[in-house]
Amino acid sequence: MSAATLAAPIQPSLKLSTASPAFRRTAFGAFIGGFGTFAMVYSLQPLMPHFSQAFAVSAATASGVVSASTGMLALGLIPASLLADRLGRKPVMNAALALGALLMLLSAWAPDFTSLLWLRAALGLVLAGLPAVAMAYLSEEIEPAVLGRVMGLYIAGNALGGMLGRFLTALLAEWFAWPVALAALGGLGLVCAGLFWHSLPPSRHFQPKAVGLAQLWRDTRQHWRDPGLPWLFSSAFLLMGCFVSLYNYLGYRLHAAPYSLSSAQLGLVFLLYVLGMGASAWAGQLADRIGRRNVLWLMVATMALGLLLTLLDPLPLIILGLAIATLGFFGAHSVASSWVGRRALQARALASALYLTAYYLGGSLIGWLSGLLWPLAGWSGLVSFLLLTLLACLAIALRLRGLAPLVPDRVMPTYSAAGVAPSAH
């Protein structure tokens, strides 16, 4: 729970296994929830060069259509998790998706760039209710032995939603106009909200609990005193910041000469997110088998290799580098998020919220800083900055290799399963 010590362990036999029809409904609901959330959060990313031209704003300012959403999403995570502790997991997630879809529709009628930013900020704030709660819900309902698989599916939904959301807005903006693209994404969000409400079973193990600020502070301090959790939070900040920056500003590079890609062609680039879907599920299963400490650093190194390849000039090599970086990011994210769950034996949803707060703040802050660097140092300067963030993340991953596990790798009590796994995009 978000800020309270769990009462008693839930017996493994009472949790959902792969043989249960409710398990399949839960897995599908988690996938759809992640899909809808991140389709709406990141769908405007390929339109940043368009907004720079249409509203005469800089790349850093245009990045606000993404960073305003992710920044407010980060700020809303802990309040949303506390609300879910009182009202229940599923009601908060249902409301988050439905309100987010309505705000997405309203964004289509934004009269100016400032209004669009305010609506995007509001969208991020209300959508915080799903990623803040989803993994806590799953950890309470799913058997620990297969939690990594469902977590991977949730992140795969994030990846597919982020991919198709970006692709559809880029395509529709070129064929029609950006308001049409945003209205279409709002409609897609409403469909996802309906499917999510229909498919996800009600909580069977949730117990309402009001949490005071004193308890919240104690639980937060407990997590920050853990020898592993603060480093995992830091890795989330760095990984997401690097990944968002890569996709934010590569669009500007490919939109300019000598590549001169159109909005629709840039949207095709985001189809690489399909690699993230496979990588997140694969890395989650691999980590379940051989241990997170043996997988995380390899995924971070893979992302750095892909980033280096984008320094080359031929377009196929740039795309290859982007594909490798995408695979590495989603693999690292899946491993780190599930690792938080193994360490958070108490106050699960709070651990999830702290991880996600660092994750989205990284995307917002590093993404904005990269926008300031882009016009000053160009692509090579931007990549050098992002490589430094990944080197710091690699150092964290190598440090975590020596972290003593709280429970054996293959035997995890049901009450220690994680309430975390953001999302991405």
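Residues numbered from 1 in each chain as written. Predicted model: local features only at pLDDT ≥ 70, side-chain atom pairs only at ≥ 80, totals over all residues. Heavy atoms only, no water.

Moving on to the confidence of the model for the chain. Averaged over every residue, the pLDDT of the chain is 83; the share at 70 or more is 89%. Per-element mean pLDDT across the chain ranges from 72 in helix H13 (residues 273-290) up to 95 in helix H6 (residues 113-127). Note that pLDDT drops below 50 for residues 408-422; the model gives that stretch 70 contacts with residues more than four away or on any other chain. (pLDDT = per-residue confidence, 0-100. Helix = DSSP H or I, 4+ residues; strand = E, 2+ residues; numbered from the N terminus. Contact = heavy atoms within 4.5 Å.)

Applying the stated criterion to the full structure yields 2 salt bridges. For the salt bridge of Asp226 with Arg343, the shortest nitrogen-to-oxygen distance reads 2.9 Å. Taken as a pair, Asp226 in the loop between helix H10 (213-225) and helix H11 (229-255) and Arg343 in helix H15 (residues 315-343) lie far apart in primary sequence, 117 residues in all. Residue classification places Asp226 among the buried residues on the basis of a relative accessible area of 13%. Given the relative accessible area of 6%, Arg343 is considered buried. A salt bridge links Asp313 to Arg253; its shortest N-O distance comes to 3.7 Å. Residue Asp313 is found in the loop between helix H14 (296-309) and H15, and its partner Arg253 is found in helix H11; the two are separated by 60 residues along the sequence. Taking relative accessible area as the criterion, Asp313 reaches 55% and is therefore assigned exposed. Using a relative accessible area of 12% as the deciding quantity, one classes Arg253 as buried. (Salt bridge = Lys/Arg side-chain N within 4 Å of Asp/Glu carboxyl O. Buried < 20%, exposed > 50% of the residue type's maximum accessible area, 1.4 Å probe, protein only.)

Running from N to C, H11 and H14 point in directions that differ by 25°, and their axes come no closer than 12 Å. In terms of orientation, H11 lies roughly parallel with respect to H14. Once H11 is placed against H14, the crossing between them reads as left-handed. Residues Leu239, Cys242, Phe243 and Leu246 of H11 touch H14, and the partners they reach there are Val300, Met303 and Leu307. (Axes fitted to C-alpha atoms, helices over the stretch in contact; angles between N-to-C directions. Parallel < 35°, antiparallel > 145°, perpendicular 65-115°, else oblique. Left-handed = near helix turned anticlockwise from the far one by under 90°.)

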